[in-house]
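# Residue-level structural notes
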Amino acid sequence: MPEWLSVVILGIVEGITEFLPISSTGHLLLVQNRLPRQSDLFNIVIQSAAVLAVLPLFRQRLRLFFTDWRGPATRDYLLKLLAAFFITGLGGLLLDKAGFKLEENPLPIALALALGGLAFLAIEAWMKNRPSSANITWSIAVAVGVGQLLAAIFPGLSRSGATILLALILGLSRPVATEFCFLVGIPTMLAAGGLKIFKALHHPPPDATPENWGMVFLGCAVSALVSFLAVGWLLRYIQSHTFTLFGWYRLALGGAVLLLG
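My aim in this report is to walk through the structure given alongside it, one point at a time. A quick note: this is a predicted structure, and the numbers were derived from the prediction, not measured. Position numbers for residues count from 1 along each chain, tracking the sequence in the order it is written. Reporting in this predicted model follows two pLDDT cut-offs: at least 70 for local features of residues, and 80 or more for side-chain atom pairs to be given and counted; totals over whole chains, interfaces and linings ignore these cut-offs and use all residues. Side-chain metrics rest on all non-hydrogen atoms present in the structure, leaving aside hydrogens and water.

Moving on, we come to helix α2 (residues 24–32). Only protein chains enter the accessibility calculation, which uses a 1.4 Å probe; a residue is then buried when its area is under 20% of its type maximum, exposed when over 50%, and partly exposed in between. Secondary structure elements are taken from DSSP: a helix is a run of H or I of four residues or more, a strand is a run of E of two residues or more, and numbering for both begins at the N terminus. By the criterion of burial, α2 is predominantly enclosed, with 8 of the 9 residues buried. For α2, every residue scored as buried is listed here: Ser24, Gly26, His27, Leu28, Leu29, Leu30, Val31 and Gln32. Any pair of residues with heavy atoms lying within 4.5 Å of one another is described as a contacting pair. Buried residues along α2 sit against α1 (3–17), α3 (40–53), α6 (106–127) and α11 (244–260).

For the rest of this paragraph, the subject is the packing of α3 against helix α10 (residues 213–237). The geometry of a pair of packed helices is captured by two quantities: the angle between their axes and the separation between those axes. Where helices are involved, their axes are fitted lines through C-alpha atoms of the stretch in contact, as for all axes, and angles between N-to-C directions lie from 0 to 180°. With their axes 8 Å apart at the nearest point, α3 and α10 run at an angle of 35° to one another. With respect to the hand of their crossing, α3 and α10 are arranged in right-handed fashion. In this structure, α3 uses Leu41, Phe42, Val45, Ile46, Ala49, Ala50 and Ala53 to contact α10, whose residues at the interface are Trp213, Met215, Val216, Gly219, Cys220, Ser223, Ala224, Ser227 and Phe228. Side-chain classes are defined by residue name, with Ala, Val, Leu, Ile, Met, Phe, Trp, Tyr, Cys and Pro counting as nonpolar, Asp, Glu, Lys and Arg as charged, and the others, Gly among them, as polar. The class makeup of the residues in the contact of α3 with α10 is 13 nonpolar, 3 polar and no charged. The crossing is said to be left-handed when, going from far helix to near helix, the turn is anticlockwise and less than a right angle, and right-handed when the turn is clockwise.

Glancing now at helix α8 (residues 159–169). The periodicity of an α-helix, 3.6 residues per turn, causes residues three or four positions apart to be oriented the same way. Counting buried residues in α8 gives 8 out of 11 residues, a clear majority hidden from the surface. Residues of α8 that are buried include every one of Ser160, Gly161, Ala162, Thr163, Ile164, Leu165, Ala167 and Leu168, and no others. Trailing α8 by a residue or two, Gly171 shows a phi angle of about 95°, which is positive.

The subject of this paragraph is the packing of aromatic side chains. Between rings of Phe, Tyr and Trp, where Trp is taken as its six-membered ring, a pair exists when centres lie within 6.5 Å; planes separated by under 30 degrees are stacked, by over 60 edge-to-face, and by other angles tilted. With the rule as written, the count across this model stands at 10 aromatic pairs. Relative to Phe182, the ring of Phe58 has its centre 6.4 Å away and its plane inclined at 90°; by these criteria the two rings are edge-to-face. Of this pair, Phe58 sits in the loop between α3 and α4 (59–67) while Phe182 sits in helix α9 (residues 174–202), and the two are 124 residues apart along the sequence. With respect to burial, Phe58 and Phe182 carry one shared label: buried. Through pairs of rings, three or more aromatic residues link up here, namely Phe120, Trp233, Tyr237, Phe243 and Phe246. As a reminder, the over-ring test applies to NZ of lysine and CZ of arginine, requiring each to be within 6 Å of the ring centre and within 35 degrees of the ring normal. Taking NZ or CZ as reference, Arg61 lies 3.8 Å from the ring centre of Tyr77, over its face.

Moving on to the pattern of salt bridges. For salt bridges, the criterion is a side-chain nitrogen of Lys or Arg within 4 Å of an Asp or Glu carboxyl oxygen. One pass over the structure, following the stated rule, counts 3 salt bridges. Here Lys80 makes a salt bridge to Asp76, at a shortest N to O gap of 2.8 Å. Taken as a pair, Lys80 and Asp76 lie in helix α5 (residues 72–97) at a separation of 4 residues, close to a single helical turn. Judged by its relative accessible area of 5%, Lys80 is buried. You can call Asp76 partly exposed: its relative accessible area is 31%. Across the pair Arg174 and Glu124 runs a salt bridge whose closest N-O atoms are separated by 2.6 Å. Here Arg174 is found in helix α9, whereas its partner Glu124 is found in helix α6, with 50 residues between them in sequence.

Right, here's the structure in full:
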């Protein structure tokens, strides 16, 4: 397979799965085992491109942070975002100091995918005909920060999946939960990605091969475009649909990881 085609496929997979609650780790595990393996730097850079690409989709909320930051509602929302980000950032630093490494064994990843799928199905059934709220409480902000840490510890759980599930359990409506969880995840992933990129460029492994930056830029362009389209679709989809589809999909993907991983 030509290298450019492999890079395009990885960019598409990254762009679709980075924010959708279906686990980018599970998908990349399936795909990367069957394609020429890329460097860790490549994976981090195209992930960062996918994250940056979705910022325009939240321009209305982001504009308020600059034009109405003194308003009580905007200030309250921003403080809760920062609290969730702080919990995730502090926990991430502690995990890094402890030398934590991501699990690449297919079995726990498949189990996390399947359990997350079952959780979505169960919570959606429980939420049926129950009222939901657009009010983000401090409990929800803390839960979202903790959810991001759980996703970092258990690959396959999905960062967006874990945080959205916790927000739904605490009574938040689907559109509000999705926006808040994504806005917490964006600076978290950019900060983690920026730190990893800095380390990779300034302290490369002794056996590292020179990076093909043309392929990196191609992967970035593809992942950014696909991420923008995928998140735009999801934000429209949840206005009138539940997360049940993603629950069934995660169950199927968990089975696929077990069979093919």
